[in-house]
Amino acid sequence: MKTNRVGSVLKYVLLIVGVFVSLFPFYWAVIGATNESGKIFAKPPVLVPGDRFITNIVNLNEAIGIGRVMFNSVFIVVIYTTLSLIVCTMAGYAFAKFKFKGRSTLFSMFLLSMMVPYHAMLIPLFKMMAAWDWLNTYQAVILPNLAYPFAIFLMRQNMLAIPDAIMEAGRIDGVGEWRLFTKIIIPSVKSSLAATAIFLFMYQWNNFLWPLIVLNTKEMYTLPVALSSLFGLSRIDYGQVMAGVTLATGPIIVFFLMLQRQFISGMLGTAVKE
Amino acid sequence: MRTKTAVPYLFLTPALVLFAIFMAYPIIYSFLLSFQTSEGGEMVFAGIDNYKRLLSDSIFWKALGNTFVILIVQVPIMLLLALVLAAALHSLTRWRGFFRVSFFIPAVTSLVAYSIIFSIMLMSDGIVNQLLETLGIGAVPWLSHPVWAKVALILAMTWRWTGYNMVIYLAAMQNISESLYEAASLDGAGKIRQFFTVTIPQLKPVLLFTAILSTIGTLQLFDEPYTLTKGGPSDATLTIGMYLYQTGFRYFDFGYASTLAYVIVVLIGILSYIQFKVTGDE
């Protein structure tokens with residue numbers, strides 16, 4: 001019994017240290033974002049939030065036009081998530097609920113492409129965008145990964161469970177295929193749609209390498225690219241940078257805390273038990 | 001009945017068209033580019049010259065070495081830590097939800113943002129060194145020493161991804177049938193033994209899955225070294241992904257950059273195959 005109690009105390013100590021390590025960097029970002037630039041290196045360290053957040057945001061706006069940058073990020077993410085969700089849900093539906101020639105070949109092709117690193121597509125994609133005069137445009141960021149193989153896979157897995165009887169009943173009643181899809185199938189997979197949407201949203205919100213390559217003016221930068229450019233300057237205003245970091249992470253954490261279950265299942269591609 | 005056979009193809013069309021233009025074509029085209037070189041602005045066939053160039057390219061070997069050091073050190077540490085945390089959480093009767101959320105939060109932060117936070121925390125007069133000095137350990141040259149820069153990168157990546165893997169393991173542990181544990185405990189196996197004789201074997205497919213996922217991710221590593229250490233000091237944290245970016249988009253050597261891309265493709269193929277073989281036949 002005694003060893004058991006020691007073990008249990010150790011376990012809680014380990015977990016609490018773990019929680020501290022997990023959360024401290026966010027706290028540190030808030031400290032940086034609300035204080036003057038040099039304060040983040042002060043000795044002894046400043047451990048309480050200051051009142052410079054608004055000032056830092058104003059400075060950040062002067063440096064990179066944070067309003068425009070936020071708009072770019074939100075605009076790209078919303079359009080991308082919406083379009084990709086439509087494309088991937090339709091494809092997942094075809095793979096899950098229809099038998100047709102070439103189904104397994106096409107499906108394995110999508111699965112296999114998940115193993116191919118994005119790097120293998122960068123250069124031809126860049127040449128394509130240059131040839132079409134699409135460098136530094138929204139569509140250059142939005143279009144390339146619309147048919148996201150993992151999202152297709154997720155939707156297909158979740159739609160396998162829809163009983164064929166529902167579809168047959170609809171067809172006998174004379175419901176057209178498109179109406180069947182939008183009025184009967186879609187409402188029955190709402191939670192998987194939410195999870196997949198979150199997966200796509202997170203992918204695009206964090207997307208860095210490709211936007212870094214195709215976007216080349218401040219007016220078009222997304223949040224990660226803008227932050228990276230600010231952090232690459234020879235004289236860095238740490239208050240500004242941390243304010244930007246807080247804008248990039250804060251809203252996502254709030255979303256996550258509100259929609260934990262959907263987030264976790266979307267990012268993992270699995271259902272989560274309590 | 002109308003022409004029902006066309007229906008699934010119509011639903012697939014948008015995905016297939018996008019896939020063909022933006023994935024299949026680039027994958028094939030960059031394979032061809034890997035055998036080409038630029039002569040006076042024109043791409044011309046160069047046989048296996050680019051692949052020969054790899055052999056004598058010391059920066060490539062350095063980048064490959066760095067990538068492998070990170071892979072071999074970071075992935076096992078992270079997965080082991082994730083497994084321990086998952087087992088601890090699984091045995092909890094209260095507060096499980098709180099711990100799960102707390103450990104998962106790093107996984108929802110943007111790669112560039114967390115790399116910046118870590119870079120600032122690990123600077124020579126940053127908070128981490130202040131803590132180490134207070135503890136009497138002394139400051140560590142996190143970002144300016146070739147070995148410590150790799151350690152910094154590994155610490156940051158472990159922070160970002162451990163909770164993600166932990167949640168995967170936890171979900172898998174919750175799916176293991178209680179009867180397996182009952183049978184083991186009837187055979188006289190204690191908690192620790194049950195972990196090794198029941199939990200680990202049952203988790204094998206998930207362990208394989210996370211190992212492959214992490215390997216693929218590490219071989220493509222770019223955002224973190226680009227932001228956290230900028231590949232330095234003196235290329236000590238340059239990864240293949242970063243070298244490819246420099247070759248393709250700083251020096252615009254598209255042929256050689258495509259060759260580097262295919263090195264990553266081949267490595268992912270080989271390592272995934274090995275991991276499948278090692279973990280068994282399912």
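Residues numbered from 1 in each chain as written. Chains lettered and ligands numbered in written order. Predicted model: local features only at pLDDT ≥ 70, side-chain atom pairs only at ≥ 80, totals over all residues. Heavy atoms only, no water.

Counted only if it meets this: UniProt positions are given in the numbering used here, feature names are shortened, and annotations may be inferred rather than shown by experiment.
The name given to chain B in an unreviewed UniProt entry is Lactose ABC transporter permease, with Paenibacillus cisolokensis as the source organism. In its Sequence similarities (unreviewed entry) section, UniProt records this for chain B: "Belongs to the binding-protein-dependent transport system permease family."

1. Here's the deal with the overall build of chain A
Rules: Secondary structure follows DSSP: runs of H or I at least 4 residues long count as helices, runs of E at least 2 residues long count as strands, and numbering of each begins at the N terminus. In this description the radius of gyration comes from C-alpha coordinates, and the expected globular size is given by 2.2 Å times residues to the power 0.38. Under the scheme applied here, a residue whose accessible area is under 20% of the maximum for its type counts as buried, over 50% as exposed, and between as partly exposed, the area being computed with a 1.4 Å probe on protein chains only.
Along its length, chain A carries 14 helices and zero strands. When its helices and strands are written in sequence order, chain A yields α-α-α-α-α-α-α-α-α-α-α-α-α-α. A compact globule built from 274 residues should have a C-alpha radius of gyration of about 19 Å, whereas chain A, at 23 Å, is more than 25% larger. Structurally, chain A occupies a C-alpha span of about 75 × 70 × 35 Å along its principal axes. In chain A, which comprises 274 residues, the share counted as buried stands at 52%.

2. Quick word on the confidence of the model for chain A
Reading fine detail from the predicted coordinates is not recommended where pLDDT is low. Our working rule: Values of pLDDT, which run from 0 to 100, indicate the predictor's confidence residue by residue.
Per-residue pLDDT for chain A averages 90, and the proportion of residues at 70 or more is 97%. Element-level pLDDT for chain A is lowest in helix H14 (residues 260–268) of chain A, with a mean of 79, against a maximum mean of 97 in helix H6 (residues 138–142) of chain A.

3. Here we look at the pairing of strand E1 (residues 36–39) of chain B
Going by this rule: Two strands pair if DSSP finds at least two bridges between them.
Relative to strand E2 (residues 42–45) of chain B, E1(B) runs antiparallel, the two being bridged by four bridges. In the strand pairing of E2(B), Glu39(B) is matched with Glu42(B).

4. Remarks on the UniProt feature "transmembrane region" (unreviewed entry) in chain B
All names here are of chain B. Those residues carrying the UniProt feature "transmembrane region" (unreviewed entry) are residues 7–28, 68–89, 101–123 and 254–274 in this numbering. The span residues 7–28 shows a helical share of 100% and a strand share of 0%, and its end C-alpha atoms are spaced 29 Å apart. Secondary structure across residues 101–123 divides into 70% helix and 0% strand, with the first and last C-alpha atoms of the span separated by 29 Å.

5. Topic: the interface of chain B and chain A
For the record, the criterion: Whether two residues are in contact is decided by their heavy atoms: any pair within 4.5 Å suffices. In this description, buried area is defined as the sum, over both parts, of the accessible area (probe of 1.4 Å) that is lost when the two are combined. Salt-bridge detection follows one rule: a side-chain nitrogen of Lys or Arg within 4 Å of a carboxyl oxygen of Asp or Glu. Polar contact criterion, stated in full: a pair of N or O atoms within 3.5 Å, where within protein one must be able to donate a hydrogen and the other to accept it, and residues adjacent in sequence count only if both atoms are side-chain atoms. The classification used treats Ala, Val, Leu, Ile, Met, Phe, Trp, Tyr, Cys and Pro as nonpolar, Asp, Glu, Lys and Arg as charged, and all other residues, Gly among them, as polar.
Contact residues are listed per partner, giving 87 residues for chain B and 90 residues for chain A. The largest per-residue losses of area from chain B upon contact with chain A belong to Phe11(B), Phe22(B) and Val108(B), which jointly make up 10% of the total buried on that side. Counting across the interface, chain B meets chain A through one salt bridge. Taken together, the connections running from chain B to chain A amount to nine residue pairs in polar contact (both at pLDDT 80 or more). Counting residues per element, the side of chain B that touches chain A draws most heavily on helix H1 (residues 6–33) of chain B, at 20 residues. Looking at the side of chain B that touches chain A residue by residue, the class counts come to 61 nonpolar, 17 polar and nine charged.

6. Things to note about helix H7 (residues 146–174) of chain B
Residue and element names in this part refer to chain B. Selection rule: By this rule, a helix spans an expected 1.5 Å times one less than how many residues it contains. Bend at a residue means the angle formed by two fitted axes: the first through the 7 residues ending at that position, the second through the 7 residues beginning there.
If you check H7, its first and last C-alpha atoms are 42 Å apart, about what 29 residues at 1.5 Å a residue would give, namely 42 Å. A maximum bend of about 35° is found in H7 at tryptophan 161. In terms of burial, H7 is largely enclosed, as 23 of its 29 residues are buried.

7. Digging into the UniProt feature "domain: ABC transmembrane type-1" (unreviewed entry) in chain B
Per the UniProt record, "domain: ABC transmembrane type-1" (unreviewed entry) is found at residues 64–275 of chain B. The distance from the first to the last C-alpha atom of residues 64–275 of chain B is 19 Å, and the span holds 76% helix and 0% strand.

8. Points about a nonpolar patch on the surface
To keep things clear, this is the line we draw: Surface patches are drawn from residues lacking salt bridges whose relative accessible area is over 30%; two like charges belong together within 9 Å, two nonpolar side chains (Val, Leu, Ile, Met, Phe, Trp, Tyr) within 5 Å. Working definition of accessibility: Shrake-Rupley area with a 1.4 Å probe, residue cover restricted to the visible protein chains.
Residues Val9(A), Val13(A), Val17(A), Phe20(A) and Val21(A) make up a contiguous nonpolar surface patch of about 460 Å² in total accessible area. Mapped onto the elements, Val17(A) comes out in helix H1 (residues 2–33).

9. Observations regarding the side chain of Thr249(A)
You can see Thr249(A) is positioned in helix H13 (residues 238–258). Judged by relative accessible area, which is 6%, Thr249(A) ranks as buried. A polar side-chain atom of Thr249(A) sits 2.8 Å from the main-chain carbonyl oxygen of Val245(A). Contact partners of Thr249(A), with chain neighbours within four places excluded, come to Thr109(B), Ser110(B) and Ala113(B).

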